[in-house]
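# Geometric and topological summary
Residue strings, one per chain:
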Amino acid sequence: MEALILYYDDTYPSVKEQKAFEKNIFNKTHRTDSEIALLEGLTVVYKSSIDLYFYVIGSSYENELMLMAVLNCLFDSLSQMLRKNVEKRALLENMEGLFLAVDEIVDGGVILESDPQQVVHRVALRGEDVPLTEQTVSQVLQSAKEQIKWSLLR
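Note that the structure is predicted; figures quoted are calculated from it, not measured.

A few words on the sheet that holds strand β1 (residues 36-39). Strand order in the open sheet formed by three strands is β1-β2-β3, with antiparallel pairing between adjacent strands. Each of the sheet's edge strands pairs with one partner strand only, and the pair in question is β1 and β3 (52-59). The mean inter-strand angle of the sheet, taken between neighbouring strand axes irrespective of direction, is 30°. Two elements, strand β2 (residues 42-49) and β3, share eight bridges in a ladder whose sense is antiparallel. What sits directly across from T43, in β3, is G58. Set on the sheet, helix α1 (residues 15-29) makes contact with β1, β2 and β3; between it and β3 the angle comes to about 115°. Along the sheet face, helix α2 (residues 64-81) touches β1, β2 and β3 and points at about 25° away from the line of β2.

Dropping the structure here:
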């Protein structure tokens, strides 16, 4: 079962090609202890935790350390958000957190953040977002104070 798979280019344009590629990666990596592989001309970095497998894939020209930084940021962010309980059931119960974390780390294949503390902080802020129409006056003022404080700290 896939929780989240994102393709940022047309290397595998059809769903059939994507599924075959995903199956090939899993078959080549799920029984090994290493963290990096070269497969079909791509650099694959991966990590597993209990019943989950995490992959970050780039071209063969990508820096393996940067790909590993993205993978570690995602894993460490999820670990903090799930209180070190990185397993399928906990992740499925917190899919919104997964989507928000990935959104904070990568945008369109471009790395935005590699610090898990920053990702967890931003996900927490976004998770607290409530439409203005549903907020009390004190909540709106508190939110404005926080936004001003963070804009001044940058």
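Across all of its chains, the model carries four aromatic pairs by this definition. Look at F26 and Y53: their rings are 5.1 Å apart centre to centre, the planes differ by 90°, and that puts the pair in the edge-to-face class. Of the two residues, F26 is situated in helix α1 and Y53 in strand β3; the sequence distance between them amounts to 27 residues. The exposure class of F26 is partly exposed, given its relative accessible area of 31%.

Moving on, we get to the side chain of T29. Note on placement: T29 falls in helix α1. The class of T29 is buried, set by a relative accessible area of 3%. Once you skip the residues sitting within four places of it in the chain, T29 turns out to touch Y46 and Y55.

Direction vectors running N to C along α2 and helix α4 (residues 95-105) enclose 145°, while the axes themselves pass 10 Å from each other. Here the hand of the crossing between α2 and α4 comes out right-handed. Here V70, C73, L74, L78 and M81 of α2 lie close against α4, whose contacting residues are G97, L98, A101, V102 and I105. Among the residues forming the contact of α2 with α4, the class breakdown is nine nonpolar, one polar and no charged.

Conventions used here
Residues numbered from 1 in each chain as written. Predicted model: local features only at pLDDT ≥ 70, side-chain atom pairs only at ≥ 80, totals over all residues. Heavy atoms only, no water. Pairing = 2+ DSSP bridges. Helix = DSSP H or I, 4+ residues; strand = E, 2+ residues; numbered from the N terminus. Axes fitted to C-alpha atoms, helices over the stretch in contact; angles between N-to-C directions. Contact = heavy atoms within 4.5 Å. Phe/Tyr/Trp six-rings, centres within 6.5 Å; stacked < 30°, edge-to-face > 60°. Buried < 20%, exposed > 50% of the residue type's maximum accessible area, 1.4 Å probe, protein only. Left-handed = near helix turned anticlockwise from the far one by under 90°. Nonpolar A, V, L, I, M, F, W, Y, C, P; charged D, E, K, R; others polar.

Limitation: the analysis is restricted to geometry and does not speak to function.
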